[in-house]
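As a plain string of letters, each chain reads:
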Amino acid sequence: MLVSSRATAVSSAAPHRFLTHSVNNFNCISSSLSLPTSFGSSSLINDDRRQKKINTTVGWSNRMDKKKISVVTCATASVAAQPLENADALIDSVETFIFDCDGVIWKGDSLIEGVPETLELLRSKGKRLVFVTNNSTKSRKQYGKKFESLGLSINEEEIFASSFAAAAYLQSIDFPKDKKIYVIGEEGILIELELAGFSYLGGPEDGGKKIELKPGYMMEHDKDVGAVVVGFDRYFNYYKVQYGTLCVRENPGCLFLATNRDAVTHLTDAQEWAGGGSMVGALVGSTQREPVVVGKPSTFMMDYLANKFSITKSQICMVGDRLDTDILFGQNGGCKTLLVLSGVTSLSMLQNPNNSIQPDFYTNKISDFLSLKAANV
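Conventions adopted
Residues numbered from 1 in each chain as written. Predicted model: local features only at pLDDT ≥ 70, side-chain atom pairs only at ≥ 80, totals over all residues. Heavy atoms only, no water. Buried < 20%, exposed > 50% of the residue type's maximum accessible area, 1.4 Å probe, protein only. Helix = DSSP H or I, 4+ residues; strand = E, 2+ residues; numbered from the N terminus. Pairing = 2+ DSSP bridges. Contact = heavy atoms within 4.5 Å. Axes fitted to C-alpha atoms, helices over the stretch in contact; angles between N-to-C directions. pLDDT = per-residue confidence, 0-100. Disulfide = S-S within 2.5 Å. Left-handed = near helix turned anticlockwise from the far one by under 90°. Nonpolar A, V, L, I, M, F, W, Y, C, P; charged D, E, K, R; others polar. Salt bridge = Lys/Arg side-chain N within 4 Å of Asp/Glu carboxyl O.

### Looking at the pairing of strand β11 (residues 225–230)
A regular strand places its side chains on the two faces of the sheet in alternate fashion. Within β11, six of the six residues are buried, which leaves the element mostly enclosed by the surrounding structure. Direction of pairing for strand β9 (residues 180–184) relative to β11: parallel, over a ladder of five bridges. Residue pairing in the sheet places Ile181 in a bridge with Ala227 of β11. With four bridges joining them, β11 and strand β12 (residues 255–258) adopt parallel strand pairing. Residue pairing for β12: Ala227 is matched across the bridge by Leu255.

### Considerations on the sheet that holds β9
Across the sheet, five strands lie side by side as β10-β9-β11-β12-β15; this open sheet has parallel pairing. Every interior strand has two partners, whereas the edge strands, β10 (199–202) and β15 (292–293), have only one. Of the strands in this sheet, β9, β11, β12 and β15 are in contact with helix α6 (residues 162–172), which crosses β12 at around 145°. Helix α8 (residues 238–250) contacts β9, β10, β11 and β12 of the sheet and is inclined by roughly 145° relative to β9.

### So, the confidence of the model for the protein
In the predicted model, the protein carries a mean pLDDT of 83, and the fraction of residues at 70 or more is 78%. Low pLDDT (under 50) marks residues 72–77, which in the prediction has 18 contacts with non-local residues, meaning those over four places away or in another chain.

### Concerning the environment of Ala168
Mapped onto the elements of the fold, Ala168 is located in helix α6. For Ala168, a relative accessible area of 5% translates into the label buried. With 28 residues separating them along the chain, Ala168 and Ala196 place their C-alpha atoms 7.7 Å apart. Setting aside anything within four residues of it in sequence, one finds Ala168 in contact with Phe300 and Tyr304.

### Some thoughts on the state of the cysteines
The tally for this structure, following the rule as stated, stands at zero disulfides. You can see Cys247 has no disulfide; the closest cysteine sulfur is in Cys254, sitting 5.7 Å from it. On the basis of relative accessible area, Cys254 is assigned to the buried category, the value being 1%.

### A look at the sheet that holds strand β4 (residues 96–100)
Working definition: the strands of a sheet are paired by backbone hydrogen bonds and lie parallel or antiparallel to each other. Spatially, the seven strands line up as an open sheet ordered β3-β18-β17-β16-β4-β7-β8, and their pairing is parallel. Strands with a single pairing partner mark the edges of an open sheet, and in this sheet they are β3 (82–83) and β8 (159–161). Strands in contact with helix α5 (residues 140–149) are β7 (128–133) and β8; relative to β8, the strand with the most contacts, it is inclined by about 120°.

### Section: the packing of α6 against helix α7 (residues 187–195)
In the contact formed by α6 and α7, the axes pass within 8 Å of each other and the chain directions differ by 35°. Along this stretch, α6 crosses α7, giving a crossing that reads as right-handed. Taking contact as the criterion, the partners of Ser163, Phe164, Ala167 and Leu170 in α6 are, on α7, Gly188, Ile189, Glu192 and Leu193. Here the residues of the contact of α6 with α7 are counted per class, giving five nonpolar, two polar and one charged.

### Some words on the pattern of salt bridges
Within this structure, the stated rule accounts for 15 salt bridges. The closest approach of N and O atoms between Lys296 and Asp100, which form a salt bridge, is 2.7 Å. Note that Lys296 is positioned in the loop between β15 and α10 (300–309) and Asp100 in strand β4, a separation of 196 residues in sequence. Asp100 shares its class with Lys296; the two are buried. For Asp368, the salt bridge identified is with Lys365, shortest N-O distance 3.8 Å.

### Considerations on unusual backbone geometry
At the junction of Lys296 and Pro297, the peptide bond is cis and its omega measures out at 10° in the coordinates. Looking at the secondary structure, you find Pro297 in the loop between β15 and α10. In this structure, Asp174 takes a positive phi of about 55° despite not being glycine. Taking the relative accessible area as the measure of exposure, Asp174 reaches 39% and is therefore partly exposed. Positive phi outside glycine occurs at Gln288, with the angle close to 55°. Following the sequence through the fold, Gln288 ends up in the loop between α9 (276–287) and β15.

Written as structure tokens, this is what we have:
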């Protein structure tokens, strides 16, 4: 078994199925995204009038070159997930629970049964609760209002959306404040970028723009765009695809960031809808570039949370409904993992022989903490 130098030691009775590496650690098999080594071009370097900007950019580029984000890890011998039978044992074994939102806390605008009582139980036991979502359409403050509308009292500091992760990532690499960010996404990303002090363009206001294709027409784009951020976008159109493509392909060193690559999402509780991965896929196809993913299952948000709250990752249980984002996110971070069957993943999907992603435990919904606790009293 390959073991990361930062992987948490575990007993042979409870082996981790997936292992990961962190920044600049290649002891484990994984897929990392290297960031550009340069932002400028040789023509810019020869321009004395812009030398000051180049010096700033080089410093930023060097910092970026040291950062890698682990996105997908490879499985060792899979051990089948166990049904959760002793909720108290799991609760007592960790300090923090990280919950996905869509499919775990709610579906669309409907609260999943038993959620308030379950969160109250965990808080009464002194557990830290954190809520992480790949949905970038809202800011943290807006998600706080959604929790409130569903009757849940959640502090804004406990909420981490991929919209916030995009802004936090750009801050972590010292993205130049004189560069702009083109957004293919919704209001949540714009709000978080503005709060972080970044300049942006695009977003919902480009949703109504059209391209008039006629002989000799060439679309102009802003040469000062240094990053394109793509998230879920209900106003997605060809104008945005072309504009983002031009920025990534023609602006030297332009970053390509994705809030997530989820195939589907829960816009309503009636069916699944095409997710942010469909928007990201369009840019992947047109630019022939892979994005830096800041949402689940990349390690960026997990590292950010661990540092912010001074959490030991082995003392975290990640609870989610998706194998390839939530559970992999937890496994990439060296956490315990619990799959709930109240969202995207069914029991048959989990137990499919072709599925190599196995959580530590699975259960129907998080309110099973209540019934399983009662059953063991």
